[in-house]
Amino acid sequence: MITNTELEIKGNLFPGKIISFSQIVDKINFTTENGVILQVTIIRGSVVRFRYATDNNFEKDFSYAISDKGARGYSELEVKDLEDQYEIITKKIIISIAKANISVKISDREGNVICKDDWGFHWEQSYEYGGNIVKMSKSAPQGECYYGLGDKPMHLNLKGKRIENWATDQYAFGKDQDPLYKSVPFYIGMYEERAYGIFFDNSFKTFFDFCNERRNVTSFWAHGGEMNYYFFYGPNMQDVVTRYTDLTGKPELPPLWALGYHQCKWSYYPESKVKEVTTKFRDLRIPCDAIYLDIDYMDGFRCFTWNKEYFPDPKRMVEELAEDGYKTIVIIDPGIKIDDEYSVYQEAMENDYFCKRADGPYMRGKVWPGECFFPDFTNPEVREWWAGLFKELIDEIGVKGVWNDMNEPAVMEVPGKTFPDDVRHNYDGNPCSHRKAHNIYGTQMARATYEGIKRFAYPKRPFVITRSAYSGAQRYTSSWTGDNVATWEHLWIANIQAQRMSMSGMSFTGSDIGGFAEHPTGELYARWIQLGVFHPFCRTHSSGDHGNQEPWTFGEEVIDVTRKYVELRYQLLPYLYTMFWEYAEEGIPMLKSLVLYDQLDPQTHYRTDEFVFGNQILVCPVQEPNAKGRRLYIPRGNWYNYWTREYAKGGMEQWVDADLDTIPIFIKEGAIIPKYPIQQYVGEKKIEELKLEVYYKLGNKEVSKVYEDAQDGYDYAKGRFSLRSFAFTGKENEIIIQQHKNGTYITEYERMKIEFIGLPFAVGEIEIDNVVVSLNDLKYDEKNNTVVVPKDFTELHIVAK
Ligand code: GLC
């Protein structure tokens, strides 16, 4: 046996020669002469886990990120013992492992190298903390691009960046600032149009370097734990994201109202102020579904209490708001005020639920209520208790959603803005220090909150929003991007962050519209709301210390712009809900950055501003003051300008006019876009008719889907949903729309109003399921090119005059 020091460079230790190899079903172990074990686990044909031990010893296998619902299983697996290497062959990839030093090379079945080790696995022993600083370096061929990693406020393509994951309360963060609130150690690499992903499932502080330190090398490392990463092969980038999302978990469908518009501020109080705001939305006819109570609703910032002076009768207020269509959402922070008279504090003390320092004292820190202790959400018993605390808020008072903040966890007036490293955590029975638990603390808090709301809101669906998150948090919660600033640069950042979160498995995200810190101009607010309605989570929020940020504070023009876009969001609810369903069902990212949309077009690899909302709507925000439009890249294919209905050829840059009331939007040809009537809140109106906007395309079939259900509750899981699939086929003088229906839910409406856009001919005759129906009976409107048809047709033929 050789010693570690023989394989040491600058304090780094390296694996030696492989001396043994074994396989038990899907796990293949390689052991080296110096006590390194590489365990390769085949999860699916294109998903493989790589796990390294040193000293011949693996840790107990435990992860908060991995979902037990993900797909498992493969159809092919062969291991070859060759002269210099082992080869593991799955249906999709070939993994070669060098006998000399355990280094890994992954190729596709055609032999194209997808990802290969540079130095590969190496480590440094940490005398100070014990354990290892585990490292991995991979060669980075020229031209490789990198994406993903959660909420990083920097160029979408991460080439040249060095990144740190350590959840941090970053008030008024700036462009390129790092780390921020979330820790999502997952990235997508793409070389020669083939994409792969790497998820480094390690909750310690992690780093990623994309050709910053060395031009031809990417690397990632952690301040503890194991080198434990999952490799996902595409080659399609979207498949990389869906496979990652499948592994780390998909969300449930939110209640439909949660996809409406939300209004927030720090803080709306007293009750009369809340009512003034909610009434004003109705008076101005700006749709709104949710109103937030920030920390001032509490009694001295004690979670689960009310300030009875501001809110004398919360139950009545919440009921009255509900009658007006509003769902009340309240903030709950992790810091529990040290106060012997406060029941939440007492219970936690009695049961030993608060985090403690290594030597025994409680973890004491200042947050909004002053000196606090903090529940250890990594303890399952604490989560159970915490979930139970929501009974009053949800079951008795009728609150519909909970906003978890400050859960990095944030501590005020201390170095590092969080717990010190020595704080102890249960980590679900794997006791550890804060170094390991820090990045998942917020997710475990959101998880406990989710479980509480779900318990008491049942049979309705829960709604949670969190600031901090680790991979997998999407199973429990939506998120927002934290304390941004009312600047144009932050509008750019918000756009990037929402796209990046989508490609990191957490689509249900949005920014504080208008900016949290400082005050936006009316113009900036207008441009932000235009973008914000195309983010899966859509909420205006502000710190409130610089004036108001309700749409009406900016004057008539901005009120009109806000109404126009919030109305558009409400019209597009069936489209948005269908996007969400695809995300919940298959892990498909709701927003598609252009590179995710069309990676085969090299023009997309460095684009940041344009994105596809769902599958068929291209959006590109105006991000400069005084703009009358902007240049933008329209992806390949043909599109229609949503506003002018002009046909636009993709695959090139274009100037697009966009006055203050216009954000450039393009619809893919062949798309069928579903719309509901405008409502002031979800469920305000009976939906009498589903509108379908049909964008003509000559040639190949285009499929569009519409998913609907009861908009809340779990009946959909028993098959009570309605999934309509429309296939559009366009010819020179005829179009055919075929409809295929799934599910047993009966939609309220009986008919559909179809509008034809870009039709190259005048309608002469319409056949429904092979029967000619008179244009009169179909209320054919020649001027607007619309007809009204019964909802459950199988096939429509529209024939030229
Ligand atoms: C934090 C949150 C912010 C909230 C404030 C007061 O700064 O990020 O959204 O309004 O705390 O609770």
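Here, the structure is the one placed above.
Not measured: the values here are computed from a predicted model.

Reading guide: rules and limits
- Residues numbered from 1 in each chain as written.
- Predicted model: local features only at pLDDT ≥ 70, side-chain atom pairs only at ≥ 80, totals over all residues.
- Heavy atoms only, no water.
- Pairing = 2+ DSSP bridges.
- Helix = DSSP H or I, 4+ residues; strand = E, 2+ residues; numbered from the N terminus.
- Axes fitted to C-alpha atoms, helices over the stretch in contact; angles between N-to-C directions.
- Parallel < 35°, antiparallel > 145°, perpendicular 65-115°, else oblique.
- Left-handed = near helix turned anticlockwise from the far one by under 90°.
- Contact = heavy atoms within 4.5 Å.
- Nonpolar A, V, L, I, M, F, W, Y, C, P; charged D, E, K, R; others polar.
- Core = buried A, V, L, I, M, F, W, Y, C linked by side-chain atoms within 4.5 Å.
- Buried < 20%, exposed > 50% of the residue type's maximum accessible area, 1.4 Å probe, protein only.

## Digging into the sheet that holds strand β44 (residues 672-675)
In step 1: Read from one edge to the other, the open sheet built from four strands follows the order β44-β45-β49-β52, with strand pairing classed as mixed. Because the sheet does not close on itself, it has two edges, and the strands there are β44 and β52 (786-790). For this sheet the average axis-to-axis angle between neighbouring strands, irrespective of direction, equals 25°.
In step 2: Sheet analysis places strand β45 (residues 689-695) next to strand β49 (residues 751-757), joined by seven bridges and oriented parallel. By the bridge assignment, Glu693 is partnered in β49 with Glu755.

## Section: the packing of helix α5 (residues 380-388) against helix α7 (residues 434-457)
In step 1: With their axes 8 Å apart at the nearest point, α5 and α7 run at an angle of 45° to one another. As judged from the angle between their axes, α5 and α7 are oblique. The hand of the α5/α7 crossing is right-handed. For the pair formed by α5 and α7, the contact residues are Arg383, Glu384, Trp386, Ala387 and Gly388 on the first element and Gln444, Met445, Arg447, Ala448, Thr449, Glu451, Gly452, Arg455 and Phe456 on the second.
In step 2: Broken down by class, the residue content of the contact of α5 with α7 amounts to five nonpolar, four polar and five charged.

## Some words on the nonpolar core
In step 1: Ranked by size, the top nonpolar core spans 161 residues in total, and within it Trp306, Ile332, Trp386, Phe534 and Phe613 carry the most contacts.
In step 2: Looking at which element gives the most residues to this core, the answer is helix α11 (residues 573-586), with nine residues.
In step 3: When sequence neighbours within four positions are dropped, the list of residues in contact with Trp386 reads Phe304, Ile332, Asp333, Ile336, Pro375, Phe377, Met445, Ala448 and Thr449.
In step 4: By size, the runner-up hydrophobic cluster in this structure holds 45 residues, among which are Phe50, Cys115, Ala140 and Tyr229.

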